[in-house]
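Breakdown of the fold
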Amino acid sequence: MGLIDIFITQIGDPLRILLLAAVIGLQPRLEDRLGKIPTLAAGLVLVALLIPLLLPNGNVWFIVAALIGLVTNAIQMGVLLGIWTLVRRFKH
């Protein structure tokens, strides 16, 4: 399995998207204690490490899956934060 295949698999992973949406949804509750950026960064790294640990792929090394996961998580979190911002803006 090549790097592009791993990236495409991870970018379409619904579990990854749901976990990142949960991180974004819980972030306002932790913002006053930890700050916005450290909370989101910790969630991004947690999801990138958690999925390869829980659902290992025998063909891919853990560190490769985690590093590609960091990239895909950053892209997905950017999109989800944009959607979250638009929803909050139009809600008020």
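Everything numeric in this text was worked out from a predicted model, so none of it was measured.

**Focus: the overall build of the protein**
Along the backbone of the protein there are four helices and zero strands. Start at the N end of the protein and walk to the C end: the helices and strands fall as α-α-α-α. Principal axes of the C-alpha set define a box for the protein whose edges measure 45 × 25 × 15 Å. Per-residue burial for the protein yields a buried fraction of 28% across its 92 residues. Residue pairs at least 24 apart in sequence account for 74% of intrachain contacts in the protein once pairs closer than 6 positions are excluded. Carbon and sulfur atoms form 73% of the exposed surface of the protein, whose accessible area is close to 6300 Å². Averaging the positions of the 7 positive and the 4 negative side-chain charges in the protein gives two centres separated by 11 Å.

**Concerning helix 4 (residues 62-91)**
A rise of 1.5 Å per residue sets the reference length of helix 4, with its 30 residues, at 44 Å; its end C-alpha atoms lie 41 Å apart and thus fit the reference within 8%. Looking at the buried positions of helix 4, the neighbouring elements they touch are helix 1 (3-11), helix 2 (14-34) and helix 3 (36-54).

**Some thoughts on helix 2**
Of all bends in helix 2, the biggest is about 55°, found at Pro 28. The set of residues buried in helix 2 consists of Arg 16, Leu 20, Val 23, Ile 24 and Gln 27. Where helix 2 is buried, its residues meet helix 1, helix 3 and helix 4. Where helix 2 begins, the side chain of Asp 13 points an oxygen toward the backbone nitrogen of Leu 15, at a separation of 3.4 Å. Following helix 2 by one or two positions, Gly 35 adopts a phi angle in the positive range, close to 100°.

**Let's talk about the packing of helix 2 against helix 4**
As a packed pair, helix 2 and helix 4 sit with axes 10 Å apart at the nearest point and diverge in direction by 55°. Considering the angle they form, helix 2 stands oblique to helix 4. Handedness of the helix 2/helix 4 crossing: right-handed. Along its contact with helix 2, which presents Arg 16, Ile 17, Leu 20, Ala 21, Val 23 and Ile 24, the element helix 4 presents Gly 69, Thr 72, Asn 73, Gln 76, Met 77, Leu 80, Leu 81 and Trp 84. Considering only residue class, the contact of helix 2 with helix 4 consists of nine nonpolar, four polar and one charged.

**Points about the confidence of the model for the protein**
Mean pLDDT over the protein stands at 90; residues scoring 70 or higher make up 100%. For the protein, per-element mean pLDDT is lowest for helix 2, which scores 89, and highest for helix 4, which scores 93.

Cut-offs used in this document
Residues numbered from 1 in each chain as written. Predicted model: local features only at pLDDT ≥ 70, side-chain atom pairs only at ≥ 80, totals over all residues. Heavy atoms only, no water. Helix = DSSP H or I, 4+ residues; strand = E, 2+ residues; numbered from the N terminus. Buried < 20%, exposed > 50% of the residue type's maximum accessible area, 1.4 Å probe, protein only. Contact = heavy atoms within 4.5 Å. Areas by Shrake-Rupley, 256 points an atom, 1.4 Å probe, with all protein chains shown as cover. Lys, Arg positive; Asp, Glu negative; His and termini not counted. Charge placed at Lys NZ, Arg CZ, Asp CG, Glu CD. Expected span 1.5 Å × (residues − 1). Bend = angle between axes of the 7 residues up to and from the residue. Polar contact = N/O pair within 3.5 Å; in protein donor to acceptor, adjacent residues only side chain to side chain. Axes fitted to C-alpha atoms, helices over the stretch in contact; angles between N-to-C directions. Parallel < 35°, antiparallel > 145°, perpendicular 65-115°, else oblique. Left-handed = near helix turned anticlockwise from the far one by under 90°. Nonpolar A, V, L, I, M, F, W, Y, C, P; charged D, E, K, R; others polar. pLDDT = per-residue confidence, 0-100.

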